[in-house]
Amino acid sequence: MNNHPQYRLGIPVKVVGTPGLRSHDSRRWQNEPHLSVSLAYLRDVLFYLANHQIRLYRLSGQLAPYLTHPDMPQFHDQIEECSTELAAMGDMARESGIRLTMHPAFYIQLSSPDPFRVQRSREEIFAAVRILEAMGLGAESVLVIHVGGVFEDKLTSRQRFVEQVLQLPSTVRNRLALENDDRHYGIEDVLWIHRQTSIRVVMDLLHHHCVNPTRLPMLEGLSLALETWPADELPKIHFSTPRTEARLLNRNGERRLQIPRANQHSDFINPFEFIDLLRSTTESGLRSFDIMLEVKGKDLALLRLREQIERYAPELMSIVQ
């Protein structure tokens, strides 16, 4: 058991602290977007992260635009065309001590009964893994996915997800990590899938508050999720606090008040909830893990959280990176 845990903080995709930093080439296909452009943007992002001692970053799932589009073969060879640049970005991340991960969007639906949707999901997963491999990234650079939708019923969909995962090549399956979601599949569902497939589990703490029908205590669920990772790999979790502010929207000249939902991410992290998490996990003797902050303020929220930990819980600063 680790008596001196460490917690490395990170952000997903977008950097907001410096205007003009982009996560990927978002141009439409008519403008011939390319992975090479995304990697040039990534180089600037990695410089920024290193300068601010941010050591965990989620790559955009759209690094290689239209890479798997079935009707646009002109985009299919981007990984091969950028092999040198991809390797260089992997080297840069390693030299800066930055762990890179990736999280494709909701369209990954391995639980679907539709063979076409499953095949498209497989192609997206294969492509993402190829990017991580081309960067020469280690096993901790995982591809985080969700179970997907509920179709005939939850148990059937969950079992179908397992069957599809077991059909994946081991090189692909070994890159995957499974996250509990905020609508259907709670931590106990993904732990059941882990027992069938050995996929590592990334626990999202806000999602656990949203979907937890058996009222499994957070620390117990977190401990079980961390145990799904090999001893020589550092687990990661997702942390966020829900938005509580109403927002005034102006659409087509009509002003409307938008009431926040419990599963929406806040702009900044509630520092006291985060400090409580660190204290409870260290006191419980849980192993070290990385923490992806899923928050609208991105890097600004991370830097502010560090300042608030130093102010309100300075004894924890030695374990937060």
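Just so you know, these numbers come straight off a predicted model, no measurement behind them. (Residues numbered from 1 in each chain as written. Predicted model: local features only at pLDDT ≥ 70, side-chain atom pairs only at ≥ 80, totals over all residues. Heavy atoms only, no water.)

K.L.:
Explain the packing of helix α9 (residues 218-226) against helix α10 (residues 271-283) to me, using residue names and the numbers behind them.
P.N.:
Two numbers describe how α9 lies on α10: the axes approach to 11 Å, and their chain directions differ by 65°. In this structure, the crossing between α9 and α10 has a hand that is right-handed. Across from M218, L219 and L222 in α9, the residues of α10 making contact are L277, S280 and T281. Partitioned by chemical class, the residues of the contact of α9 with α10 number 4 nonpolar, 2 polar and no charged. (Axes fitted to C-alpha atoms, helices over the stretch in contact; angles between N-to-C directions. Helix = DSSP H or I, 4+ residues; strand = E, 2+ residues; numbered from the N terminus. Left-handed = near helix turned anticlockwise from the far one by under 90°. Contact = heavy atoms within 4.5 Å. Nonpolar A, V, L, I, M, F, W, Y, C, P; charged D, E, K, R; others polar.)

K.L.:
Account for the side chain of S96, with residues named and values stated.
P.N.:
Counting through the fold element by element, S96 comes out in the loop between α3 (83-95) and β3 (99-102). Excluding its chain neighbours within four sequence positions, the residues that come into contact with S96 are A50 and R55.

K.L.:
So, the packing of aromatic side chains: which residues are in play, and what are the values?
P.N.:
One pass over the full model with this rule turns up 4 aromatic pairs. Summarising the aromatic geometry, the rings of Y7 and F289 are spaced 4.9 Å apart at their centres and angled 70° between planes, so their arrangement reads as edge-to-face. Within this pair, whereas Y7 is found in strand β1 (residues 7-12), its partner F289 is found in strand β10 (residues 289-293), the two being separated by 282 residues in sequence. The same class applies to Y7 as to F289, namely buried. Positioned above the aromatic ring of W192 is the side chain of R158, whose terminal nitrogen or guanidinium carbon lies 3.9 Å from the ring centre. One Lys or Arg, R200, reaches over the ring of W229 and ends 5.4 Å from the middle of that ring. (Phe/Tyr/Trp six-rings, centres within 6.5 Å; stacked < 30°, edge-to-face > 60°. Buried < 20%, exposed > 50% of the residue type's maximum accessible area, 1.4 Å probe, protein only. Lys NZ or Arg CZ within 6 Å of the ring centre and 35° of its normal.)

K.L.:
Give a description of the pairing of strand β7 (residues 236-239) that names residues and reports values.
P.N.:
Side chains K236 and H238 project from β7 onto one buried face, and the interleaved I237 and F239 project onto a second face that is buried too. As judged from the 4 bridges shared by β7 and β10, these two strands associate in the parallel manner. Following the sheet pairing, K236 is matched in β10 by D290. (Pairing = 2+ DSSP bridges.)

K.L.:
Now, about the environment of A50: what can you tell me, with residues and values included?
P.N.:
Residue placement: A50 occurs in helix α1 (residues 35-51). Separated by 155 residues in the primary sequence, A50 and L205 have C-alpha atoms spaced 27 Å apart. In this view, A50 contacts R55, S96 and I98; residues no more than four positions away in its chain are not counted.

K.L.:
Before we move on, could you go through the pairing of strand β9 (residues 254-258) and cite the residues and values that matter?
P.N.:
With 0 of 5 residues buried, β9 lies mostly on the surface of the structure. Pairing analysis gives 5 bridges linking strand β8 (residues 247-251) to β9, with the strands arranged antiparallel. Counterpart to R247 in the pairing with β9 is Q258.

K.L.:
Summarise the nonpolar core; cite the residues concerned and give the values.
P.N.:
In this structure, L49, F274, I291 and L293 are the most contacted members of the largest nonpolar core, which totals 82 residues. Those residues in contact with I291, other than ones at most four positions away along the chain, are Y7, R8, L9, G10, L56, I237, F239, F274 and L278. Counting residues in hydrophobic clusters, the runner-up holds 5 residues, among them V142, V144, V202 and W229. (Core = buried A, V, L, I, M, F, W, Y, C linked by side-chain atoms within 4.5 Å.)

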